[in-house]
Amino acid sequence: MKSKIVTKIPKIVLTYGVVGDTLNALLEVAKSNNVIVRQVMPSELDVKISQLLKVKQLNLEQYPPDCDTCILMANFDNSSIDAFLKDIKSNHIDITLKAMLTPTNRIWTFNRLLENLRLEHEKFMNR
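Please read all numbers here as calculations on a predicted model, not as lab measurements.

Our next topic: the overall build of the protein chain. Assigned secondary structure in the protein chain consists of four helices and four strands. Listing each helix as α and each strand as β along the protein chain from the N terminus yields β-α-β-α-β-α-β-α. Since a compact globule built from 127 residues should have a radius of gyration of about 14 Å, the 15 Å found for the protein chain is in line with a globular shape. Once the C-alpha set of the protein chain is aligned to its principal axes, its extents read approximately 60 × 35 × 30 Å. Relative to its 127 residues, the protein chain shows a buried fraction of 37%. Expressed as a percentage of contacts within the protein chain between residues at least 6 apart in sequence, the contacts between residues at least 24 apart total 72%. When the accessible area of the protein chain is evaluated, it comes to approximately 8,700 Å², of which 53% is carbon and sulfur surface. Positive and negative charge centroids in the protein chain, built from 17 and 14 side chains respectively, lie 12 Å apart.

Moving on, we get to the pairing of strand β3 (residues 70-74). Most of β3 is tucked away: five of the five residues are buried. Burial along β3 is two-sided: C70, L72 and A74 and I71 and M73, pointing in opposite directions, are all buried. Pairing analysis gives five bridges linking strand β1 (residues 11-16) to β3, with the strands arranged antiparallel. Its bridge partner being in β3, T15 is matched across the sheet by I71. For β3 and strand β4 (residues 97-100), the ladder comprises four bridges, and the chain directions are parallel. Along β4, the bridge assignment pairs L72 with A99. Each parallel crossover has a hand, and the one from β3 via helix α3 (residues 78-90) to β4 is right-handed.

For residues other than glycine, phi is negative in most cases, and the peptide bonds are mostly trans. Here the phi dihedral of N75 falls at roughly 70°; this positive angle occurs in a residue that is not glycine. With respect to the helices and strands, N75 occurs in the loop between β3 and α3. Even without being glycine, H92 reaches a positive phi, approximately 55°. With respect to the helices and strands, the residue H92 is situated in the loop between α3 and β4.

Time to look at the confidence of the model for the protein chain. On average, residues of the protein chain carry a pLDDT of 93, and 94% of them reach 70 or more. When mean pLDDT is taken per element in the protein chain, β3 scores highest with 98 and helix α4 (residues 110-125) scores lowest with 93.

Scoring rules and cut-offs
- For every chain, the first residue of the written sequence is number 1, and numbering continues from 1 onward in sequence order.
- Since the coordinates come from a predicted model, pLDDT governs what is reported: local features require at least 70, and pairs of side-chain atoms require 80 or more to be given and counted, while whole-chain, interface and lining totals use all residues.
- Values reported for side chains reflect all heavy atoms of the structure, with hydrogen atoms and water molecules removed beforehand.
- Helix and strand definitions here come from DSSP, where helices need a minimum of 4 consecutive H or I residues and strands a minimum of 2 consecutive E residues; each element is numbered from the N-terminal end.
- We compute the radius of gyration over the C-alpha atoms and compare it with the globule rule, which gives 2.2 Å times the number of residues raised to the power 0.38.
- Accessibility here uses a 1.4 Å probe with only protein chains present; expressed as a share of the type maximum, an area under 20% marks a residue as buried, one over 50% as exposed, and anything in between as partly exposed.
- Residues are treated as being in contact if the distance between any of their heavy atoms lies within 4.5 Å.
- Note on areas: Shrake-Rupley, 1.4 Å probe, and residue coverage restricted to the protein chains presented here.
- All tallies of charge rest on Lys and Arg as positive and Asp and Glu as negative; His and the ends of each chain are not included.
- Where a charge lies is defined by one atom per residue type: Lys uses NZ, Arg uses CZ, Asp uses CG and Glu uses CD.
- At least two DSSP bridges between two strands are required for those strands to pair.
- For a crossover, the right-handed case is the one in which the path from the first strand over the helix to the second runs clockwise, viewed with the strands pointing away from the viewer.
- pLDDT is a per-residue confidence score from the predictor, ranging from 0 to 100.

The structure is reproduced here in structure tokens:
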């Protein structure tokens, strides 16, 4: 009888601009939801998202003052994303920009994602 090996794809959150108490709270929520958190540094903004998801974080850098906070959630199903976002909200974690990994944004650079999210957020706030 052949055994079937099932490898579970880990849930990953790429963060940008999330620091201090907000980062610590996000790490706690991620831990309780079995989510890996990887910070995207300013020097990595021109790297494709698909590459950022494959490479471990290499270093820590300072974020620009007053930069937007952002998370990109990858490999979540509907129920796990709902639970994760609910935990973020219930823990009062303020992150301005949130997105899911899609086939389209997977090939973008992280900077392009930020630009698109900022435009969407601005349009939403002006309504």
